[in-house]
Amino acid sequence: MYLKLTIKNAKRSIKNYLIYLVTMTICVALFYAFLSISSAYYNPSIGTAYDLTMLADNMKLPICMVTFLLIFLIRYVNRYLLIQRQKEFAVQSILGMEQRTIGWLFFAETLGMGVFSIVSGILPGMIVSQFITAMLLSDYGQNYQFSWMLFPDTVIFTVIFFLCCFLLVGFFNLHTIRNIKIIDMLSADRQNGPALRKSRFMHVLMILYLILLAWMLFSGYQMISFYFDPRFELPVHILFLAIIILPALGILWPLVWISIKLLCKKTSVFSRLRAFYTLVAVEMLFTILIAVSAACVPAMKNSYMLSYGSGVMKQYLTYLTGNVLFLVCELFYLSGLAIAAWKERSSKSRYKGENLFFYGQILSKLTANTKSMILICMTLILSMILFLSAPVLSAWSLGYLEERSRYDVQISSEYNKSYEESSLPQGSYEAVTRFLEDKRIPTAFDQTFSLYLPTRREFRSRIKWEFPVLAVSLSDYNAIRQMLGYEPMSLDDHTFTTQWQSIATDDQKTEFLNSHKEVSTDAGILTLADNACQEASIGENIYNIYTDVIYIFPDSICKKLLGVRRCRYIQLADPLSFADAQALEKSFTAAFPDDTASADSTGVQYTIRLHTLEVNSILCTNFILKAVMIYGAVTLMVICLTILSLQQLQDAARYPYRFLVLRELGVEESHISRLIFKQLGVWFGLPVALALLTGIILISGFLQTISAQIAAYIGISALLEQLAVTSGILMLLLICYFISTWILFRHATKP
């Protein structure tokens, strides 16, 4: 009997469960799709050079941690369903059913819906997993072929994980139902919600924001030297004056407002100035100006070659983030007042059509839900930042991989912890040669060479950021170019040229070359050649630490210089398998241990980079980062859109008589439908539009700080294409939720 009653209740409440079922089905499908990569049965064809063991081992934990956020959503939806069913529960209690039994019936009902969403989510999860596989194979440079496969261990793990979530929330529901009074359940549909209380939420945010402004003022004062430097142009002076004056004014205005409030406390003078919304409105103006000035700092660094480091860039990106988030809070706080003011002042608009009803609907909910709307908007901002950052960081990582691992085998030494010239290496790393011969691994190119200091006295120069620029001989440099498919170059006697890392900017190159027309060496003075700047991509390991350039000297000059680093670059005839790469790394480590900490150590550090291992490590880390960011972004967005949807559906179910009054007044159904559309447009559009605008501003500020990396590793066109795709996914998800809510809202308000 109880089973039949449970099934009957579930069928009758299917409309209430619809959004919940759709949401949980999406979440189960995504969970299964992303987790399928960690399955023991997952074995795509990626070749012997790759290994997915690290990827499978490190994928489960972050995906599960993100999915635990869904417990909050499941709990919220269950509370919504409890509110909708309280009157029914009260009737069952009056008829003699124990509340404990009612609780267990509701528990079975929600658990059944959860199991249904799990079953219905596995099938689309298999389809979505194909897109995840295609994304993975694309990162590994392999062709994708459709393969329909169900992974039993992933299915079992998915079922167990979500069942635990449903059971945990179900026991909370049991406790809630057993403690609700029958009289409260009977009157639940006639309650207008909690009474409005004077909130200090905005006051606390204002105090935190003033602390941020004080920090920003102190940082601006530390950078005041840029303002007084006569070498900079007028925009730089204006910027650094603004980052001092604007935070100071932002701190001063609340002090002025408090003074006005205290001095005019017993009079009506300046009554409007004494209102807290006036404080917030004026502070919002300062917030906008301060955010603009903070966003200009990275742009000014690139345009005018300012010498502050990455720490300052990150600091002002933090200031930009804080100001923009506080601006969102200010906009939500003032939006209700702005709508109310517009309603009062524009009588023509107020009495046009159903606008009076529309304004009342918006103001009543906005006043009560300001705090929740701010939190939803903040969560949407985080979701969009994750969504928009994922392709940027992924492309950056993959672009950097090409520069980091240009050779199949790359061996080098570091002299940074060595203080004796006699300890500097001179060999050719014969252990690697023996390994390749034993394994019968043929080589296509093999070049061993030294990197030199222009003058011997620079060997003792160990100041951070001031390490000397190293030099390579012309013959060795041309051998490296030939290895990578570039044409050789030539130099006249007693001349030199430079080779630059791809991350270096044009301004850096110009400044360096203008100040290094000549170079003093132990073999004489060299002058800069006509072909002064080489930009071939030859890897990053050849440069000295904290430098982006090396000198290219004639061979006759390098013979008289001190060689401080010994390198060997090898290109193999065939890609090195993953097993052989691990064995070679182990063999090299045994022959050249990292023992710089020991008492008898020479201080020389040896490094081997194998293309196979580098690619596996970076591709694995990159894919996990991208997958977790995308999965987290979708999960957060689904949570926010579901809550927005349920808030409106709850309002429709609680106050259907409002729309009944409109019908009795003769308002046509088409007008009511349009009115509902406008109302939902405000509730979905306001937080989403603010979140999208804020996300774009913050991402733009972040991209300014890594503009050199974008130009070197990603490319603007590729970046814009990836951002357009992710934005399209966001809009599609938003449209689906909006249309679903609109349809359900119309059905809920029909007589």
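Shown above is the structure to which this text applies.
Residues numbered from 1 in each chain as written. Predicted model: local features only at pLDDT ≥ 70, side-chain atom pairs only at ≥ 80, totals over all residues. Heavy atoms only, no water.

Trainee: Kindly report on the overall build of the chain, identifying the contributing residues and their values.
Mentor: Within the chain one finds 25 helices and 9 strands. Buried positions account for 51% of the 751 residues belonging to the chain. In the chain, once contacts between residues fewer than 6 apart in sequence are set aside, the share between residues at least 24 apart is 85%. Surface exposure of the chain reaches about 36,400 Å², of which carbon and sulfur atoms provide 62%. (Helix = DSSP H or I, 4+ residues; strand = E, 2+ residues; numbered from the N terminus. Buried < 20%, exposed > 50% of the residue type's maximum accessible area, 1.4 Å probe, protein only. Contact = heavy atoms within 4.5 Å. Areas by Shrake-Rupley, 256 points an atom, 1.4 Å probe, with all protein chains shown as cover.)

Trainee: Summarise the pattern of salt bridges; cite the residues concerned and give the values.
Mentor: Enumeration according to the criterion identifies 4 salt bridges in this entry. As a salt-bridge pair, Glu414 and Arg565 come within 3.5 Å of each other at their nearest N and O atoms. Remark: Arg565 occurs in strand β8 (residues 562–572) and Glu414 occurs in strand β1 (residues 409–414); sequence separation between them is 151 residues. The burial state of Glu414 is the same as that of Arg565; both residues are buried. The partner of Arg568 in a salt bridge is Asp446, with the nearest N and O atoms 2.6 Å apart. (Salt bridge = Lys/Arg side-chain N within 4 Å of Asp/Glu carboxyl O.)

Trainee: So what's going on with a nonpolar patch on the surface? Residues and values would help.
Mentor: On the surface, a nonpolar cluster with roughly 660 Å² of combined accessible area is contributed by Leu241, Ile245, Leu249, Leu252, Leu255, Val256, Ile258 and Leu262. Relative to the elements of secondary structure, Leu252 occurs in helix α10 (residues 234–263). (Patch = residues over 30% accessible without salt bridge, like charges linked within 9 Å, V, L, I, M, F, W, Y side chains within 5 Å.)

Trainee: An account of the packing of helix α8 (residues 201–222) against α10 is requested, with residue identities and associated values reported.
Mentor: Packing of α8 against α10 brings their axes to within 8 Å, and their N-to-C directions diverge by 150°. As the angle between them shows, α8 and α10 are arranged roughly antiparallel. For the crossing formed where α8 meets α10, the hand is left-handed. Note on element contacts: α10 touches α8 through Ile243, Ile244, Pro247, Ala248, Gly250, Ile251 and Pro254, opposite Leu210, Leu213, Ala214, Met216, Leu217, Gly220 and Tyr221. (Axes fitted to C-alpha atoms, helices over the stretch in contact; angles between N-to-C directions. Parallel < 35°, antiparallel > 145°, perpendicular 65-115°, else oblique. Left-handed = near helix turned anticlockwise from the far one by under 90°.)

Trainee: Any details on the packing of helix α5 (residues 99–139) against helix α6 (residues 152–178)? Residues and values, ideally.
Mentor: At their nearest, the axes of α5 and α6 sit 9 Å apart, and the two run at 155° to each other. As judged from the angle between their axes, α5 and α6 are roughly antiparallel. In this structure, the crossing between α5 and α6 has a hand that is right-handed. When its residues are assigned to classes, the contact of α5 with α6 shows 17 nonpolar, 7 polar and 2 charged. (Nonpolar A, V, L, I, M, F, W, Y, C, P; charged D, E, K, R; others polar.)

Trainee: Quick rundown of the side chain of Ser117? Include the residues and the values.
Mentor: Tracing the backbone through its elements, the reader meets Ser117 in helix α5. Of the polar contacts made by the side chain of Ser117, one reaches the backbone oxygen of Gly114; its length is 2.6 Å. If we skip the residues at most four places from it in the chain, Ser117 touches Leu21, Met24, Thr25, Val28 and Phe166. (Polar contact = N/O pair within 3.5 Å; in protein donor to acceptor, adjacent residues only side chain to side chain.)

Trainee: Describe the nonpolar core, and please don't skip the residues or the numbers.
Mentor: Counting 134 residues, the largest nonpolar core has Leu55, Phe162, Tyr316, Phe623 and Leu641 as the members making the most contacts within it. With sequence-adjacent residues up to four places away left out, Leu55 is seen in contact with Ile37, Leu136, Cys620, Phe623 and Ile624. Core analysis: the second largest hydrophobic core is formed by 28 residues, Leu424, Leu451, Leu470 and Cys567 among them. (Core = buried A, V, L, I, M, F, W, Y, C linked by side-chain atoms within 4.5 Å.)

Trainee: Provide a residue-level description of the environment of Glu98, including the pertinent values.
Mentor: Within the element layout of this structure, Glu98 appears in the loop between α4 (70–94) and α5. Its relative accessible area of 48% is what places Glu98 among the partly exposed residues. Each C-alpha atom of the pair Glu98 and Arg178 lies 8.9 Å from the other, and the pair is 80 residues apart in sequence.

Trainee: Quick one: what's the story with the side chain of Ser423, residue by residue and with numbers?
Mentor: Of note, Ser423 is situated in the loop between β1 and α16 (430–438). One polar contact links the side chain of Ser423 to the main-chain carbonyl oxygen of Glu420, over a distance of 2.6 Å.

Trainee: Requested: an account of α16, with residues and values cited.
Mentor: All of the buried residues along α16 are Ala431, Val432, Phe435 and Leu436. Angularly, the buried residues of α16 cover 135° about the axis, an arc narrow enough to put them on a single face. Exposed residues lying more than 90 degrees from the buried face of α16 are Glu437 and Asp438. (Arc of directions from axis to C-beta.)

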